[in-house]
Amino acid sequence: MKSLAYIIIGTFLGVVLYKSEAASWFRIYEMFQFDSFHMYGIIGSALAVGVALVFWIKKSKVKSFSGENISIPHKEKTFARYILGGTLFGLGWALAGACPGPIYILVGAGYWPIVIVLFGAVLGAFVYGVLSGKLPH
């Protein structure tokens, strides 16, 4: 039953992202060319909501659906790994024209060439999993 809720929420999010054109390669291209505020507005509002929710979760001691305390551990503040990881993620996003979430949305919308990008993303995640023990964390 829980899986059905995830499928419904994921489908709703996919429809919202598709209808808002957040999954559009043209909108992503516009963003990287600094031609439009559209994507920056979507990303900025998502960031603001995320920051507010994390702050609220930390201050109000909210419990998870299973009744456990939610704890968000502090991350080590290292500059190099975030710059390297962010740069690689951004280059992949720019080359593919889609970040990981919209890849599934575009496949669901019937843009079949994006299956090649999905294959590359899954392969990249697999390679990271194989090499993660040898990478600095």
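These figures come from a predicted structure and were not determined experimentally.

Visitor: Is there a simple way to think about the packing of aromatic side chains in this case?
Guide: Think of a pair of aromatic rings as described by two things: how far the centres are apart, and how the planes are tilted against each other in angle. Taken as a whole and assessed by the stated rule, the structure comprises one aromatic pair. Note on Phe34 and Tyr40: the rings are 6.2 Å apart at their centroids and 5° apart in plane angle, and the pair reads as stacked. For Tyr40, a relative accessible area of 33% translates into the label partly exposed.

Visitor: Just checking my understanding: could you explain a nonpolar patch on the surface for this structure?
Guide: Residues Phe119, Leu123, Phe126, Val127, Tyr128, Val130, Leu131 and Leu135 make up a contiguous nonpolar surface patch of about 780 Å² in total accessible area. Within the secondary structure layout, Val130 lies in helix 6 (residues 114-131).

Visitor: Explain the side chain of Glu30 here, please?
Guide: Here Glu30 shows up in helix 2 (residues 25-32). Using a relative accessible area of 14% as the deciding quantity, one classes Glu30 as buried. Discounting chain neighbours no more than four positions away, the residues touching Glu30 are Asp35 and Ser36.

Visitor: Just checking my understanding: could you explain the environment of Met1 for this structure?
Guide: Looking at where Met1 falls in the secondary structure, it is placed in the segment before helix 1 (2-19). Judged by its relative accessible area of 84%, Met1 is exposed. When the C-alpha positions of Met1 and Ala80 are compared, they lie 42 Å apart, and in sequence the two are 79 residues distant.

Visitor: Please clarify how the packing of helix 5 (residues 100-108) against helix 6 should be interpreted in this entry.
Guide: When two helices pack together, their arrangement is given by the angle between the helix axes and the distance between those axes. Remark: helix 5 packs on helix 6, axes separated minimally by 9 Å, with the N-to-C direction vectors making an angle of 145°. Like other packed secondary-structure pairs, helix 5 and helix 6 cross with a definite hand, here left-handed. Every residue of helix 6 that contacts helix 5 at Ile103, Tyr104, Leu106 and Val107 is listed here: Ile114, Val115, Val117, Leu118 and Ala121. Residue composition of the contact of helix 5 with helix 6, by class: nine nonpolar, no polar and no charged.

About the cut-offs
Residues numbered from 1 in each chain as written. Predicted model: local features only at pLDDT ≥ 70, side-chain atom pairs only at ≥ 80, totals over all residues. Heavy atoms only, no water. Phe/Tyr/Trp six-rings, centres within 6.5 Å; stacked < 30°, edge-to-face > 60°. Buried < 20%, exposed > 50% of the residue type's maximum accessible area, 1.4 Å probe, protein only. Patch = residues over 30% accessible without salt bridge, like charges linked within 9 Å, V, L, I, M, F, W, Y side chains within 5 Å. Areas by Shrake-Rupley, 256 points an atom, 1.4 Å probe, with all protein chains shown as cover. Salt bridge = Lys/Arg side-chain N within 4 Å of Asp/Glu carboxyl O. Helix = DSSP H or I, 4+ residues; strand = E, 2+ residues; numbered from the N terminus. Contact = heavy atoms within 4.5 Å. Axes fitted to C-alpha atoms, helices over the stretch in contact; angles between N-to-C directions. Left-handed = near helix turned anticlockwise from the far one by under 90°. Nonpolar A, V, L, I, M, F, W, Y, C, P; charged D, E, K, R; others polar.

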